[in-house]
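# Working through the structure, step by step
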Amino acid sequence: FALGNASTKTNELVQTDSVFQVGSISKPVAAWAAMTLVRDGKLNLDEPVFKYLNRWAIPNSNFEPSKVTLRRILSHTAGLTLHGYPGFAESEALPTIEQSLSGDTNGSGSVTLFQAPGEGFSYSGGGYTLLQLLIEEVSGMSFAQYVQEAVFAPLGMTSSSYQPDAQLLARRVVPHSPNLEVMPQYHFRAQAAAALHTTAADMARFIQANVASNPVLSDEMRALMQTEVVDAGFAKVGLGFFLFGDGQLVGHSGANQGWRADMVFNPVSGAGVIMMTNSENAGNFLTDVRCHWDSSYGADVLKSWCEYIHSKRDRDRLIYTALAFAVLALGTLLLLWRLVLLISKRAIIKFPSSAAKRLGMFLAIGLLFFSMATLLTPIGAYWVSGFFGSVATIHYASIGVARLIYASFALLFVVSICLFTQRKEA
């Protein structure tokens, strides 16, 4: 089903055939495309990928590029850099794949070897861009065209593309920031890593293909993709998928600028869910839906994780609320003190003459900017959780608390100005 706004500017509603960007859920679909080449004997999971590449080579490093294999790329164990991509504004021309791999990524850097292949898990969107080039070199087709013919068409995914045409783009909804402001659309050269455009119905077909016989991959190949290659700690990793519990649940999430998505399915029961949103503040919503789905259809595989996330969310909200009240209370007391002086006409507006008063003024201004940096950027969330994301700390709080925080900033600003007042000399 569909709910909510396609755009907060027009109040147009999301429809069941609306098109979304799904971010890194692009990766398991790209993994399917690679496995069709394995199926046809054109790629080998454990041979060096460089034997297939002519257009680009992994830069020299202290590690052996011959150990970079398709299996390791698909499972994020190839030792490659570059976690994710911001994309390019749609008005900007895209670089070539080779240029992207070499660092033309709008700030994400280049793809290099930073650790020995096979040494351990390190999530790499750059590895999937290398996979994109690999598929093009082996198939002789563009990546988007190959996936269209090898995966989308046989599965009946008629509203999915890594390079959407005008008809699909006409049905695409609008991305939004955490505070629900309309954001620009971004496009990607790193298509395998981040560029998939699709609908809920098409992703439901993809889930169905992952849990039942289908015309693309055999049951054995599907089982291979859903078999553990490495334990990443938070989940086990297969070929293009993350595995939860002992593999009872399989899934992947996605996050582009203005978009959040999540996919999970139970390969035994065949139950699955795909969630696609056009807002960056959808994290809690996606978690709640995933946890509710797991308790109903996933045999509580995620129960301990869900309990931890909910308790952490409550703790973080308490911390942010306490911080907001502390800033608000301090600002209110300082403001009232100065206003009493002004009302009683025992104060004048003047830059403080004493060092102590100047220090107090600068401390208040410093507190203002410190609070703003903590709450209006991801810095505060990083201090609390140890994870530096793209969402400002304030957007983890409820709407009421966020308004309280904004009010406290305004009050602190007034207080900073009021500290220019000082008591009249007798």
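For the structure, see preceding data.
In this report, we go over the structure that sits alongside the text.

Another aspect to go through is the overall build of the protein chain. Of the regular secondary structure elements, the protein chain holds 14 helices and 12 strands. Relative to its 426 residues, the protein chain shows a buried fraction of 50%. For the protein chain, restricting intrachain contacts to residue pairs at least 6 apart in sequence, the fraction spanning at least 24 positions comes to 68%. Accessible surface, the protein chain as shown: approximately 19600 Å² in total, 58% of it carbon and sulfur.

Before going further, it helps to spend a moment on the state of the cysteines. Applying the stated criterion across every chain, the model contains 1 disulfide. Between the sulfur atoms of C291 and its disulfide partner C306 the distance amounts to 2.0 Å. Between C291 and C306 the disulfide shows an S-S torsion of about -100°. By sign, it is left-handed. You can see C291 sitting in helix α10 (residues 283–297) and its partner C306 sitting in helix α11 (residues 303–343), a full 15 residues away along the chain.

When you tally the buried positions in strand β10 (residues 272–277), you get 5 out of 6 residues, the bulk of the element. Here strand β9 (residues 259–265) runs beside β10; their pairing, made up of 6 bridges, is antiparallel. Across the sheet, residue D262 finds its bridge partner in β10, namely M275. Here β9 folds back onto β10, and the loop between the two strands holds 6 residues, one of which, G270, carries a positive phi near 85°.

Taken together, the 6 strands give an open sheet; going across it, the order is β5-β6-β7-β8-β9-β10, and neighbouring strands pair in antiparallel fashion. Here the strands that pair on one side only, and so sit at the sheet edges, are β5 (230–231) and β10. In the packing of helix α8 (residues 200–211) onto the sheet, contacts are made with β9 and β10, and the angle to β10 comes to roughly 150°.

The next subject is the packing of aromatic side chains. With the rule as written, the count across this model stands at 11 aromatic pairs. Summarising the aromatic geometry, the rings of F121 and F234 are spaced 5.9 Å apart at their centres and angled 70° between planes, so their arrangement reads as edge-to-face. Of this pair, F121 sits in the loop between α3 (97–101) and α4 (125–139) while F234 sits in the loop between β5 and β6 (236–237), placing them 113 residues apart in sequence. Look at F234 and you get exposed, because its relative accessible area is 55%. Aromatic side chains F121 and F242 sit 6.3 Å apart centroid to centroid with 70° between the ring planes, which places their arrangement in the edge-to-face category.

Time to look at the side chain of T198. Relative to the helices and strands, T198 resides in strand β4 (residues 197–198). For T198, a relative accessible area of 0% corresponds to the buried category. Side chain to side chain, T198 and S160 meet in a polar contact 2.7 Å long.

Here we take up empty space enclosed by the protein. Overall, the coordinates contain 1 cavity of 30 Å³ or more when judged by the stated rule. Empty space within the largest cavity amounts to approximately 50 Å³. Looking at the lining of the largest cavity, its residues break down into 4 nonpolar, 3 polar and 2 charged.

Take the nonpolar core next. One finds W32, L130, L131 and Y162 to be the most contacted residues of the largest nonpolar core, which totals 76 residues. Leave out the neighbours within four places in its chain, and L130 touches V49, L53, W56, I58, V68, I73, L80 and L101. Among the nonpolar cores identified, the runner-up in size contains 18 residues, and Y123, L249, A271 and L302 belong to it.

The element β9 is extensively covered by neighbouring structure, given that 7 of its 7 residues are classed as buried. Where burial is concerned, the two faces of β9 agree: the one with W259, A261, M263 and F265 and the one with R260, D262 and V264 are both buried. Where strand β8 (residues 249–256) and β9 come together, 7 bridges link them in antiparallel fashion. Bridged to H252 within β9 is M263. Hairpin remark: β8 followed by β9, antiparallel, with 2 residues in the connecting loop; positive phi at G258, about 90°.

In this section: the environment of V38. Note that V38 resides in helix α1 (residues 26–39). V38 sits 183 residues away from M221 along the chain, and the two C-alpha atoms are 9.4 Å apart. V38 has contacts with L43, L45, L70 and M221, leaving out every residue within four places of it along the chain.

What follows is about the pattern of salt bridges. Per the stated rule, a full pass over the model turns up 9 salt bridges. Note that R39 and D40 form a salt bridge whose closest N and O atoms lie 2.9 Å from each other. Note that K51 and E47 form a salt bridge whose closest N and O atoms lie 3.1 Å from each other. Since its relative accessible area comes to 25%, E47 is described here as partly exposed. Via salt bridges that share partners, R55, E98 and E136 belong to a single interconnected network.

A few words on the environment of A201. Its location among the elements puts A201 in helix α8. Linking A201 and S159, residues 42 residues apart in sequence, is a C-alpha distance of 8.6 Å.

A few words now on the environment of E137. Turning to its location among the elements, E137 is positioned in helix α4. Separated by 85 residues in the primary sequence, E137 and Y52 have C-alpha atoms spaced 7.0 Å apart. The contacts of E137, once residues within four sequence positions are left out, are Y52, L53, N54 and R55. A distance of 2.8 Å separates a polar atom in the side chain of E137 from the backbone nitrogen of R55.

Calculation notes
Residues numbered from 1 in each chain as written. Predicted model: local features only at pLDDT ≥ 70, side-chain atom pairs only at ≥ 80, totals over all residues. Heavy atoms only, no water. Helix = DSSP H or I, 4+ residues; strand = E, 2+ residues; numbered from the N terminus. Buried < 20%, exposed > 50% of the residue type's maximum accessible area, 1.4 Å probe, protein only. Contact = heavy atoms within 4.5 Å. Areas by Shrake-Rupley, 256 points an atom, 1.4 Å probe, with all protein chains shown as cover. Disulfide = S-S within 2.5 Å. Pairing = 2+ DSSP bridges. Axes fitted to C-alpha atoms, helices over the stretch in contact; angles between N-to-C directions. Phe/Tyr/Trp six-rings, centres within 6.5 Å; stacked < 30°, edge-to-face > 60°. Polar contact = N/O pair within 3.5 Å; in protein donor to acceptor, adjacent residues only side chain to side chain. 1 Å grid on protein atoms, 1.4 Å probe; cavity = no way out; pocket = protein on both sides within 12 Å on 5 of 7 lines; lining within 4 Å. Points joined across faces, edges and corners; volume = space filled by probe spheres on them. Nonpolar A, V, L, I, M, F, W, Y, C, P; charged D, E, K, R; others polar. Core = buried A, V, L, I, M, F, W, Y, C linked by side-chain atoms within 4.5 Å. Salt bridge = Lys/Arg side-chain N within 4 Å of Asp/Glu carboxyl O.

Keep in mind these numbers describe shape, not what the thing actually does.
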